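Residue-level structural notes
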Amino acid sequence: MNADVKVGATICKMQYDKILDYLDIARKEGAEVLCGGGSVTPDDPDLAGGLYIAPTVLGNCTDDMTVVKEEIFWARFEYFTFRYRRRGYTKANDTKFGLAAAVCTQNMSRAYRVISKLEAGSCNINTYNLYPAVIPFGGF
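Source: prediction; values computed, not measured. The numbers attached to residues start from 1 for each chain and follow its sequence in the written order. A pLDDT threshold of at least 70 governs which residues receive local features in this predicted model, and a stricter bar of 80 or more applies before side-chain atom pairs are shown or counted, although totals over entire chains, interfaces and linings include all residues. Think of the side-chain values as coming from all heavy atoms in the structure, minus any hydrogens and water.

**Observations regarding the sheet that holds strand S1 (residues 32–35)**
What the three strands build is an open sheet, ordered S1-S4-S5; its pairing is mixed. With partners counted over all chains shown, the strands left at the sheet margins are S1 and strand S5 (76–78), one partner each. When strand polarity is set aside, the average angle formed by the axes of neighbouring strands in this sheet is 30 degrees. Examined bridge by bridge, strand S4 (residues 56–59) and S5 share three bridges and lie parallel to one another. In this description, strands pair whenever DSSP reports at least two bridges between them. Put simply, DSSP marks the helices as runs of H or I at least four residues long and the strands as runs of E at least two long, and each gets a number from the N terminus on. To obtain each axis, a line is fitted to C-alpha atoms, and for helices this fit is confined to the stretch in contact; angles are then taken between N-to-C directions over 0 to 180 degrees.

**Some words on the pattern of salt bridges**
Salt bridge, as applied in this entry: a Lys or Arg side-chain nitrogen positioned within 4 Å of an Asp or Glu carboxyl oxygen. Counted under the stated rule, the structure contains four salt bridges. The partner of Asp-24 in a salt bridge is Arg-27, and the shortest N-O contact between them spans 3.8 Å. A residue pair is termed a helical-turn pair when its members lie 3 or 4 positions apart in one helix, as Asp-24 and Arg-27 do in helix H1 (residues 13–28) at three residues. Think of it in three bands: with a 1.4 Å probe and only protein chains considered, a residue is buried below 20% of the maximum accessible area for its type, exposed above 50%, and partly exposed in between. For Arg-27, a relative accessible area of 40% translates into the label partly exposed. Put simply, Arg-87 and Asp-63 hold a salt bridge, and the shortest N to O gap is 2.5 Å. Here Arg-87 is found in helix H3 (residues 85–93), whereas its partner Asp-63 is found in the loop between S4 and helix H2 (66–69), with 24 residues between them in sequence.

Structure (structure tokens):
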């Protein structure tokens, strides 16, 4: 992870505990924590007492995992592999809410082609969530 990236504290103790519970469930269901995956204590003393969880990358995920199926407000990414593009579109669109999607690639033609098939309230290419807070957003 890039040390220059800043992530804010979790909003409250209840959400913090819920995220840690989901992380435990993910591990029990077979997900592999590739990066992050736990509490963080910032070096800055002004941030002491905040409830911080490292951005997390989960691998070895499957469609039936709780962490994949449920909307959890936490900086995480589930890593999937698929052989055929159609399977990727199906997997990406298999969500109740469809709040946001992102495509990372060097091929911009491919990025626009993929984004056109995604069902999400907002779609990003090679970035994520750079919308001003005053812009309305929602699910698909």
